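Structural characterization, general
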Amino acid sequence: MAQNRVAFIPWNENQAGNFKTEYEDSHANRALTHHKRKWTIVYLDSPGQPLADVGCGFGTRIHIAGHGAIGDPDIGADHGTGGGDKSYSEVVDAMFAKGLKKRYIGTIACDVCYSALGDPPFAKLLARELYQRGLKASCVLGYKGSMGAEYTDELGGHKYNHRVVDVEDEHGNVIDTVKSSKMQERFFGWT
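No experiment lies behind these values; they were computed from the predicted model shown.

The full count for this structure, using the stated rule, is three aromatic pairs. When the centroid spacing of 6.3 Å and the interplanar angle of 25° are considered together, the rings of W11 and F19 count as stacked. Each of the two residues, W11 as well as F19, counts as buried. Linked through ring pairs, Y131, F188 and W190 together constitute an aromatic cluster.

Locating F122 in the fold gives a position in helix α3 (residues 122–132). Distance in space between the C-alpha atoms of F122 and C110 is 8.4 Å, their sequence separation being 12 residues. Apart from the residues lying within four places of it in its own chain, the contact partners of F122 are D72, P73, D74, I75, S87, Y88, V91, C110 and S115.

Overall, the coordinates contain four salt bridges when judged by the stated rule. E24 is the partner of K20 in a salt bridge, and the nearest nitrogen-oxygen pair spans 4.0 Å. Residue K20 and its partner E24 are located together in helix α1 (residues 17–28), separated by four residues, close to a single helical turn. The residue R133 makes a salt bridge to D93 at a minimum N-O spacing of 2.5 Å. One end of the pair, R133, is in the loop between α3 and β7 (139–143); the other, D93, is in helix α2 (residues 88–97), and 40 residues separate them in sequence. Where salt bridges share partners, they join E13, K20 and E24 into one cluster.

Cut-offs and rules
Residues numbered from 1 in each chain as written. Predicted model: local features only at pLDDT ≥ 70, side-chain atom pairs only at ≥ 80, totals over all residues. Heavy atoms only, no water. Phe/Tyr/Trp six-rings, centres within 6.5 Å; stacked < 30°, edge-to-face > 60°. Buried < 20%, exposed > 50% of the residue type's maximum accessible area, 1.4 Å probe, protein only. Helix = DSSP H or I, 4+ residues; strand = E, 2+ residues; numbered from the N terminus. Contact = heavy atoms within 4.5 Å. Salt bridge = Lys/Arg side-chain N within 4 Å of Asp/Glu carboxyl O.

Taken by themselves, the reported measurements are silent on function.
Set out below in structure tokens:
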């Protein structure tokens, strides 16, 4: 289905840590969300090429899990899992190895803290690398703050649960928590 989601964790399943739990919880609790999306998780050691089966369309989305920092070209595995950092080019290598097609038209979201911040930000580097390798019709989403990949009722007063991003002041103090859509930025490989 075009509105469902694929979580891509660029480590083996035994190194996925809380990333695995967050996406499993998002899938299990989807009835509490507006779109009730089904989540599929793909790991480096998932059999075959499961990303080859991801549909095409503007509502299609692959989410990349990882820990990030402002301007860091690498993402980190979940803490204490033994997974090493992955550069944006290693993430792209892993996505193609798991079957990503050059004709993919959907969005690729970096569920990575601060992935839209820096000079250049991780999401921009990823978009450029995908474009250089032949993925011409997709965009990459990055987030301008600390991201919560799991749906939560943290915002309160809303009918549905949402994914959230912390808004920080210039000193790194959290001053607000908002829907992730308010703190995202789209990057295209040709820019």
